[in-house]
Every structure is written in structure tokens, then in C-alpha cells.
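The primary structure of each chain is shown beneath.
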Amino acid sequence: IRYIDELQLTGKRTFIRVDFNVPLDGRKVTDDTRIREALPTIRRALELGGKVILASHLGRPKGPDPKLSLEPVAARLAELLGGKHEVILTDDCVGDGVKKQVKELKEGQVVVLENLRFHKEEEANDETFARELAALADVYVNDAFGTAHRAHASTAGMVPFVKEKAAGLLMKKEIEYLGRVLKNPEKPFVAILGGSKVSDKIKVIESLLPKVDALLVGGAMAYTFLKAQGVEVGKSRVEEDKLSLATRLLEAAHRLKTPIVLPVDHIVGTEPTEKSSKQETPDNAVPKDMMGLDIGPKTRSLFTQHIRDARTVVWNGPMGLFEVAKFADGTRSVGTAMANNKQAITVIGGGDSAAAVEQMGLADQLSHVSTGGGASLEFLEGRELPGIKALETR
Ligand code: 3PG
């Protein structure tokens, strides 16, 4: 793979696929992490003299939808660029009007193409559409790690039709850190998995088990494992149809002599809301009329110990219902333990745990917080991502 720094961009139309799929509240961007993380690549392209064209999807529209216009994103980008660059939002991502706007682009201006998914051809990876996008570009740069698991027109289809291609700086950072976790993690290597479903994480567990020294499991998915072991889990969320799978995974771990470390106590409550009661359990059993909503204090210190002694730590999925403050301690303790371990490479595999460390102000103290959700999971599963594969030079 080549990277943007290796290219000569002077005067060239530089098409950068970014992942500006950010959360919105009406017309306001509520988390601009993905926009901020794309800035180094955008700035570099501008410094190198490129005519910058940015393209992204936003949400999952079924055709043009004003509520999913990239307008608020373009406005936030203009602010983040410090008002030094005019940001022009086009009213479509293909067509003669757009071609003209790109042609007339002046130095220092940045074009943001309207939401790629206003055309169903984007997700269908339609060749005609891909060629239309490619016609806007002299150089193709992909910095959209968060969308690299999708084989769409802008992430894969258009690439062969553009003369030069490269990965952006965010893509580079993501591949470096997540790749380091998979390829040669310094030992001890600890992985922490949480979130609600075992089914979402099966392949990640299978991919990481042979590599890690310990796999710590928290969040609702821990209850499926505990129930599989015959532990009372009360009203906790369990995937009944995954119990035998959980047993198989525990057996596989046993054969590999890799511990899967499950919670030894819990914070339980009556319901998964703010209104719930809150109490600690003495051991790993959950009272019959209660549900587990966070890991307990003994589990917090157990997990902290594992994380403290590690040289590589990767984490995906919250330890409990962290959106509700009284059930956020487990998730915070994992984030804090990672932030405190300065001798380790600490990587957050995106999604909810990325949102959690961001919210808890810990993100800056970690080696890497992935901007991918589905993409980082698939990467950690060891799968080849279409958006990365398309950049490979033969
Ligand atoms: C994401 O947020 O995970 C990416 O932007 C991909 O979005 P998608 O799941 O709608 O394809």
C-alpha cells in the first residue's frame, strides 16, 4: 500500500474518501471525532498542492433525504479548518454540475460532495456510478477506515478507474495499530471484550484466543458464558441459542491454556434503566429477580491487574450499561487501567468503547482509539477489508 505522503499532488484533483458518518442531532454534529481524525490527511493533501474533493456517506438513506445532507458536517469541517479554507458543499456527488464545480476549484478551497448514499448505486457498487466518481479524480485517497469493510463504489469500485491511489494518514494509523495487535503483539497480550452479544464477537474471540495471554469478558455477553457454565444469571440478558457455542469457546480456551476471565461479581439491578435499583453481588451468581448491569468491584480489580501487567491491550465493547451513570464504573475502570499503563500499546477497537473513552476524557491517554465500528471488528477477526484490499498495488 502506498500512502498519501508518497504522492505528488500539485494541481491534481485529489478525491479523498472519508468516513464522515457521524452522529447528528437534527442539524448538529454531536460527535466530530471522525471529522477531526480526517484533518491530518486533508491538511496534507492541501499542503501538497492537491485540489481536495471529499466524499462520504452519512446514515443509511433510501435515496435523497435532506435530513441526511452532509451540510452540518461541511460546516463543522470549515470550523475545524480554522476558517482558512472555504468548504463548498455540492448538491449531488455526480453529474455535470459537480464536474464543473470541481474544475473551477481554486487553490485552498475544499469540495465536499453530497451524501454518496443518495444514490443506491453507491452501495450496489455499480460500475457506471463508480466510473462517474472516478471521472472527478486524478488521484484516489482512501482515509475512510470506518467504511473499509464495505465493498461500495467509493471504497472499492472506483479505485481501478483512477490513475493513482493511496491510503490516507488515518487509514495508515488504523492499519498500524490494529495490525500490530494481530501480527506481533508484545506479550503479555490481553484482550477485553464486552457488549451485549456473544454472537457479534464470536469471530473476534476465535481470532484472538490463540494470540492472547488472557481474554477478559464483561458486559451482557458474559452472562451467556456464565449460564453455559451453570451459574445462576437471574433475569440477565442471555443469548439462549448461543449457550452451546459459549461452551465450545470455553473448551477451546481450555485446550489452548488461555484463560477466558469471566466476572466474579456483578452490579445488579431491577431493570436496564436509570430508575433501576443498584446492588453488589457477593459472587458470580445473579439473584433470580435481578439482572446483571455492570461488573462488580472484585471483577474491576481483577481486570485492572491483568491490564496493568500487559504490554499490549485491545478492548472492544463496554463492561456494562455505561450510558446509565450508576452502571458505568466497570467500563470506566477498564478505560482507566488502560490509560494508566504507559508501557503498553493500548488500542480501543471502536464502537461503544471508543465512545465511552471519549466521553470519559481518556482517549488522549491511549495509544489508539479506532474510528471504526464494524470495520475494526472485522479487522480484528483477521478478515481482509475490501477498502484496504482495493489500495494494494500489484
Ligand atoms: C460505520 O459507522 O460503521 C461506517 O460508517 C459504516 O456505516 P454502515 O454500517 O451504514 O455501512
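Residues numbered from 1 in each chain as written. Predicted model: local features only at pLDDT ≥ 70, side-chain atom pairs only at ≥ 80, totals over all residues. Heavy atoms only, no water.

Let's talk about the sheet that holds strand β4 (residues 51–55)
Rules: Pairing between strands is defined by DSSP: at least two bridges between the two strands are required. Counting from the N terminus, the helices are DSSP H or I runs at least four residues long and the strands are E runs at least two residues long. Axis definition: a line fit to C-alpha positions, over the contact stretch in the case of helices; interaxial angles, taken between N-to-C directions, run 0 to 180 degrees.
As summarised here, the arrangement of the six strands in space is β5-β6-β4-β1-β7-β8, forming an open sheet in which the pairing is parallel. Edge positions in the open sheet fall to β5 (87–89) and β8 (164–167), since each of these has one partner strand only. Strand-to-strand twist in this sheet, taken as the mean axis angle between neighbours without regard to direction, amounts to 25°.

Describing the pattern of salt bridges
Rules: Salt bridges are defined by distance alone: a side-chain nitrogen of Lys or Arg within 4 Å of a carboxyl oxygen of Asp or Glu. Under the scheme applied here, a residue whose accessible area is under 20% of the maximum for its type counts as buried, over 50% as exposed, and between as partly exposed, the area being computed with a 1.4 Å probe on protein chains only.
Applying the stated criterion across every chain yields a total of 28 salt bridges. With a shortest N-O distance of 3.1 Å, K173 and E37 are connected by a salt bridge. Here E37 lies in helix α1 (residues 33–47) and K173 lies in helix α7 (residues 169–183), a separation of 136 residues in the sequence. The class of K173 is partly exposed, set by a relative accessible area of 32%.

What to know about the nonpolar core
Basically, it comes down to this: Residue types Ala, Val, Leu, Ile, Met, Phe, Trp, Tyr and Cys, when buried and joined through side-chain atoms within 4.5 Å, form a set referred to as a nonpolar core. Should any heavy atoms of two residues lie within 4.5 Å, those residues are counted as being in contact.
In this structure, F15, L113, L215 and F225 are the most contacted members of the largest nonpolar core, which totals 75 residues. Here this core gets seven residues from one element, more than from any other, and that element is helix α10 (residues 243–256). The residues touching L215, leaving out its near neighbours within four places in the chain, are A191, L193, I205, L209, P259, I260 and V261. Formed by 32 residues, the second largest nonpolar core is a distinct cluster that contains L39, A45, L46 and L68.

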